[in-house]
Amino acid sequence: SQQGEEDPQALSIQEGENATMNCSYKTSINNLQWYRQNSGRGLVHLILIRSNEREKHSGRLRVTLDTSKKSSSLLITASRAADTASYFCATDAFNQGGKLIFGQGTELSVKP
Amino acid sequence: ETGVTQTPRHLVMGMTNKKSLKCEQHLGHNAMYWYKQSAKKPLELMFVYNFKEQTENNSVPSRFSPECPNSSHLFLHLHTLQPEDSALYLCASNGAEETQYFGPGTRLLVL
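Residues numbered from 1 in each chain as written. Chains lettered and ligands numbered in written order. Predicted model: local features only at pLDDT ≥ 70, side-chain atom pairs only at ≥ 80, totals over all residues. Heavy atoms only, no water.

**Regarding the confidence of the model for chain A**
When the pLDDT values of chain A are averaged, the result is 92; 96% of them are 70 or greater. The spread of mean pLDDT over the elements of chain A runs between strand E1 (residues 5-7) of chain A, the lowest at 84, and strand E7 (residues 61-66) of chain A, the highest at 98. (pLDDT = per-residue confidence, 0-100. Helix = DSSP H or I, 4+ residues; strand = E, 2+ residues; numbered from the N terminus.)

And the structure:
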């Protein structure tokens with residue numbers, strides 16, 4: 001089955017730096033979503049990008065989608081210690097009834 | 001706060017116990033999901049309910065038994081679990097929009 005794969009698996013940066021996480025997937029999609037999870041908690045939706053979109057912004061977040069390469073990236077600009085969390089991409093594939101397939105996630109650590 | 005609540009937040013049970021996890025949402029959503037999250041693994045979709053009807057069972061062992069009495073409540077009944085079932089169990093819901101709203105999860109430890 002299709003699965004998002006993310007890299008890097010872990011990323012450690014200093015406050016103020018930018019963080020970039022990548023996601024690759026295998027089949028055609030309706031949309032791709034990014035979620036954030038603080039340690040041991042539920043996931044929180046960050047941003048959704050549709051298959052006909054190439055770039056989307058929300059505050060300090062920038063998401064790109066390249067359907068020809070089946071990949072997406074999440075950029076967090078001017079990171080803060082509070083951005084420390086795990087970040088997951090999830091794909092909503094064609095003919096899957098809205099089911100989301102999640103990647104393994106990237107653990108981001110932002111040091112003050 | 002996403003509007004999806006889960007109880008209990010933590011649960012320790014023996015392999016012979018029977019327990020239930022509860023999920024509740026009052027967002028007006030018609031789809032509800034159970035996921036299992038184990039360490040270092042992607043979220044695994046377990047069950048999907050649409051309008052109270054189960055539409056997906058992702059080859060989950062029968063020791064996990066879901067129940068959806070109405071569109072706001074979802075249960076996961078547990079019996080004779082194994083230690084490898086220890087994980088974070090997450091409930092989620094969505095409506096017409098594609099994004100899912102997650103509860104805080106139940107951290108389950110099977111001894």
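Once the structure has been displayed, the description carries forward.
**Let's talk about a nonpolar patch on the surface**
All names here are of chain B. Together, Val12, Leu109 and Leu111 line one region of the surface with nonpolar side chains, adding up to about 290 Å² of accessible area. Tracing the backbone shows Val12 in strand E2 (residues 10-13). The exposed category is assigned to Val12, whose relative accessible area is 52%. (Patch = residues over 30% accessible without salt bridge, like charges linked within 9 Å, V, L, I, M, F, W, Y side chains within 5 Å. Areas by Shrake-Rupley, 256 points an atom, 1.4 Å probe, with all protein chains shown as cover. Salt bridge = Lys/Arg side-chain N within 4 Å of Asp/Glu carboxyl O. Buried < 20%, exposed > 50% of the residue type's maximum accessible area, 1.4 Å probe, protein only.)

**What about the pattern of salt bridges?**
Residues and elements named next belong to chain B. One pass over the structure, following the stated rule, counts 8 salt bridges over all chains. Notably, a salt bridge pairs Glu24 with Lys22, separated by 3.7 Å at the nearest N-O pair. Classification of Glu24 by relative accessible area gives partly exposed; the value is 21%. Measuring nitrogen to oxygen at the nearest pair gives 2.7 Å for the salt bridge that ties Arg63 to Asp85. Of the two residues, Arg63 sits in the loop between strand E6 (53-57) and strand E7 (64-70) while Asp85 sits in the loop between strand E8 (73-79) and strand E9 (87-94), which places them 22 residues apart along the sequence. Each member of the pair, Arg63 as well as Asp85, is classed as buried.

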